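Chain residues, written in single-letter form:
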Amino acid sequence: MCSTLRYCFRSLICTLLVIATLFIASLRCDNVELTVKLPTVMIAVLVRNKEHTLPYFFSYLEDLDYPKDRVSLWIRSDHNEDRSIDITKTWLKRCSSLYHSVDFKYRSEGGKRESEKSYTHWNEDRFADVIRLKEEALQTGRRIWADYIFFLDADVFLTNTKTLQALVDLKMPIVAPMLVSDALYSNFWCGMTADYYYQRTEDYKKILNYELTGQWPVPMVHSAVLIDLNVAQTHQLTFERRNLPSDRYHGPMDDIIIFAMSANYSGIPMRICNAVQYGYIMVPLEAGETIPGKDWEQLTNVLGYIVSEYGEVKLKDDLQKYVPVVSKDKLSLSRIIMINLERRVERRTNMLKHFDLLGLQVDHFPAVDGKQLTDEKLQQMGIRFLPGYADPFHKRPMTMGEIGCFLSHYYIWEEMVRLEQKEVLVLEDDIRFEPFFRRRAYRVLQDARRIGGWDLIYFGRKRLQEEDEKWIDGSEYLVKAGYSYWTLGYVITLEGAKKLLREKPLEKLVPVDEYIPIMFDNHPNDSWAEHFHDRTLNAWSAAPLLLYPTHYTGDEGYISDTEDSARITGSLPAAAGKGGGTVVATNETVRDGKAAEPKKGDKEQLPNAPNLLVTESGLGKSEVNRRSEL
């Protein structure tokens, strides 16, 4: 009896202890902030002949700020004629353990399909394989219970590390990050024709140019598409034509079109998001174009955009060996020179990266720093100023920065003459190169040399004339330069340098971008021009232009070492002659800010320029549809 009571008592005590423990644990849970894991994502990638893009693609994919243990990779590759499989293996060897799972399958046999005429030939066999693989990826995502599937092309560079997280946070059934490329190409359509092809709309340009920002319903997204598999209706999405209603779809065998129509028939909205800048995309090659030619140039363009925007291109160390070193040359010129202030290290570093990408052999010319100039130094140098000169927009004398800028160009002209250099490209350090710069520069130079008689060719400038400029006879790329500002980049001949020096401009100084138009006798101020007698400089301009400034007045990050500079001070001598006397100013700092009168031509191209570079800039057939051979 006693033993029974003791047993019951012990049981009661144990039960009370358990209850107390659970109670205490429950109290502790109330004080703990619970964490919910992020949704799982399966990233699906198809790879074919992407040796040139994969090192960058994988580098940016790896840097996405999303937990890798919540990401599964699904990668397929076949019919390669390059090292795409080796690159993929190299990256996966280091990174596969970081991800939740990796499913990589490939066919090692190389070469194109028997039915393909070339790598860029999209026939039904090729479409059928792509459709089969994408459908397999979609079904795999459903089978492994992934919350999302992210279809990603291997020539997409997601430079914004928050891209995947941002898309998931939108909680939309189908959404794509808007990607930037050459000219007007992107990864969405705003309109679709009755026969299922691309149709241009006004909204397309507004979205692409960020005039409208947010998430926008569109009839087509591709190349980087996130699908929420938890939305019941997405079970009806497909890439297979046979899965669409036979009485409704009569379009082509094209994976992106079939997918878009399956979303349409299922009542699932597709949206493009341009709330922020997400990344870049390559323009697809057309039939007959090649990777060693066109695609490498396009990759150079895109990498140049990335350097301009972010200051560097991400490339993992183990993938560096797959990126060839670009050989450098001088574009068939005697020399290429970059003017750069020694203290502007960040500009010099940025420009050197562009030169490496473009394969340009460029010499650094230390600029004359206006901050180091004084009235006394200018007097010792014998510098005099043009009588009556005042900046036409700011109504002020020259700044020390403008004087330093002029002297930098002047010393280059002197060096050209001393070394008898035939043709020199002079670049400033705040420029961006237009797409296909090398090819276009060669065309301009070939035309100019064939025609002859020129002294200077603007590669970049600001047009200040409203009227059209006359085309140079026999040229498709050159016009007679009108009144222009800026010396962003120009090619000058030995004779042109001699002409600019013969007029002794340091004895009647004006800013260099006023002096050059005076010397080719196309300046609106006759009273200034009459101080210069031999105004026979023959100046042309590339059309369209090949260079533009990295920043415009008022842009974030805009810095001007000429405008943002002290004015000349005290009483400095002016050149003798009509309107002579002294130049009087204060030491006030002048800034090219909001109060400045607007200057025309900042982002202007010639209105009558022929449409010669349409295909090169991504405006050709590839804009109508990424594949034209259906």
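Residues numbered from 1 in each chain as written. Predicted model: local features only at pLDDT ≥ 70, side-chain atom pairs only at ≥ 80, totals over all residues. Heavy atoms only, no water.

A. Region of the structure containing the overall build of the protein chain. A count of helices and strands for the protein chain gives 16 helices and 26 strands. When the 630 residues of the protein chain are sorted by exposure, 55% land in the buried category. For the protein chain, the computed accessible surface area is about 28700 Å², with 52% contributed by carbon and sulfur atoms. (Helix = DSSP H or I, 4+ residues; strand = E, 2+ residues; numbered from the N terminus. Buried < 20%, exposed > 50% of the residue type's maximum accessible area, 1.4 Å probe, protein only. Areas by Shrake-Rupley, 256 points an atom, 1.4 Å probe, with all protein chains shown as cover.)

B. A look at the sheet that holds strand β13 (residues 279-281). As summarised here, the arrangement of the three strands in space is β5-β13-β7, forming an open sheet in which the pairing is mixed. The strands lining the two open edges of the sheet, one partner per strand, are β5 (156-157) and β7 (179-180). Judged from the two bridges that link them, β5 and β13 form a sheet pairing that is antiparallel. By the bridge assignment for β13, valine 156 is matched with isoleucine 281. (Pairing = 2+ DSSP bridges.)

C. Structural detail: the layout of surface pockets. By volume, the second largest pocket is sized at about 800 Å³. What lines the second largest pocket is a set of 27 residues, and nearest its centre among them are Thr300, Leu303, Val326, Asp356 and Leu357. Those elements giving two or more residues to the lining of the second largest pocket turn out to be α8 (291-310), α9 (345-358) and α12 (437-451). Ranked by residues supplied to the lining of the second largest pocket, first place goes to α8 with nine residues. (1 Å grid on protein atoms, 1.4 Å probe; cavity = no way out; pocket = protein on both sides within 12 Å on 5 of 7 lines; lining within 4 Å. Points joined across faces, edges and corners; volume = space filled by probe spheres on them.)

D. Representation of the sheet that holds strand β6 (residues 174-177). Spatial ordering of the open sheet is given by β3-β2-β1-β4-β11-β6-β12-β9, a layout of eight strands whose pairing is mixed. Each edge of the open sheet carries a strand with a single partner, namely β3 (101-106) and β9 (215-217). Each strand axis lies, on average, 20° off the axis of its neighbour in the sheet, ignoring direction. Across six bridges, strand β2 (residues 71-77) lies against β3 in parallel orientation. Bridged to leucine 73 within β3 is valine 102. Strand contacts of helix α4 (residues 124-143): β1 (41-47), β2 and β4 (148-152), with the helix running at about 165° to β1, the strand carrying the most contacts. (Axes fitted to C-alpha atoms, helices over the stretch in contact; angles between N-to-C directions. Contact = heavy atoms within 4.5 Å.)

E. Summary view of the nonpolar core. Membership of the largest hydrophobic core comes to 54 residues, with the highest contact counts inside it found for Val41, Ile43, Trp91, Phe150, Leu152, Phe157 and Leu226. Sorting elements by how many residues they give to this core places helix α2 (residues 54-62) first, with six residues. Look past the residues within four positions of phenylalanine 150 in its chain and what remains in contact with it is Val41, Met42, Ile43, Ala44, Leu158, Leu164, Leu167, Ala224, Val225 and Leu226. Membership of the second largest hydrophobic core comes to 45 residues, among which are Phe406, Val426, Ile492 and Leu500. (Core = buried A, V, L, I, M, F, W, Y, C linked by side-chain atoms within 4.5 Å.)

F. Geometry of the side chain of aspartate 254. Relative to the assigned elements, aspartate 254 resides in the loop between β11 (224-228) and α7 (255-265). Aspartate 254 gets classed as buried once you look at its relative accessible area, which sits at 0%. Within the structure, the side chain of aspartate 254 is placed 3.0 Å from the backbone nitrogen of isoleucine 256, a separation counted as a polar contact. (Polar contact = N/O pair within 3.5 Å; in protein donor to acceptor, adjacent residues only side chain to side chain.)

G. Summary view of the pairing of strand β21 (residues 539-542). Burial along β21 is two-sided: the residues Ala539 and Ser541 and Trp540 and Ala542 are all buried. With three bridges connecting them, strand β18 (residues 456-463) and β21 associate as parallel partners. Residue leucine 456 lies in a different strand from β21, and its bridge partner there is alanine 539. Two strands pair when backbone bridges link them, and strand β19 (residues 478-480) and β21 are joined in this way by three bridges, in the antiparallel orientation. For leucine 478, the partnering residue across the bridge sits in β21 and is alanine 542.

H. Representation of the pattern of salt bridges in the model. Counted according to the given criterion, the structure contains 38 salt bridges. Residue aspartate 318 pairs with arginine 94 through a salt bridge whose shortest N-O separation is 2.8 Å. Residue aspartate 318 is found in the loop between α8 and β14 (335-340), and its partner arginine 94 is found in helix α3 (residues 84-95); the two are separated by 224 residues along the sequence. Residue classification places arginine 94 among the partly exposed positions, given a relative accessible area of 34%. Residue aspartate 521 is joined to arginine 535 by a salt bridge in which the shortest nitrogen-to-oxygen separation is 2.9 Å. Highlighted residues: aspartate 521 in the loop between α14 (512-519) and α15 (526-529) and arginine 535 in the loop between α15 and β21, separated in sequence by 14 residues. For aspartate 521, a relative accessible area of 47% translates into the label partly exposed. A relative accessible area of 26% places arginine 535 in the partly exposed class. A network of salt bridges, in which partner residues are shared, links Arg48, Arg113, Glu116, Arg126, Asp129 and Arg132. (Salt bridge = Lys/Arg side-chain N within 4 Å of Asp/Glu carboxyl O.)

I. Up close: the environment of glutamine 465. As for its placement among the helices and strands, glutamine 465 is situated in the loop between β18 and β19. C-alpha of glutamine 465 to C-alpha of alanine 481: the two residues are 16 residues apart in sequence and 9.7 Å apart in space. Those residues in contact with glutamine 465, other than ones at most four positions away along the chain, are Gly482, Tyr483 and Asn522. Within the structure, the side chain of glutamine 465 is placed 3.5 Å from the backbone nitrogen of tyrosine 483, a separation counted as a polar contact.

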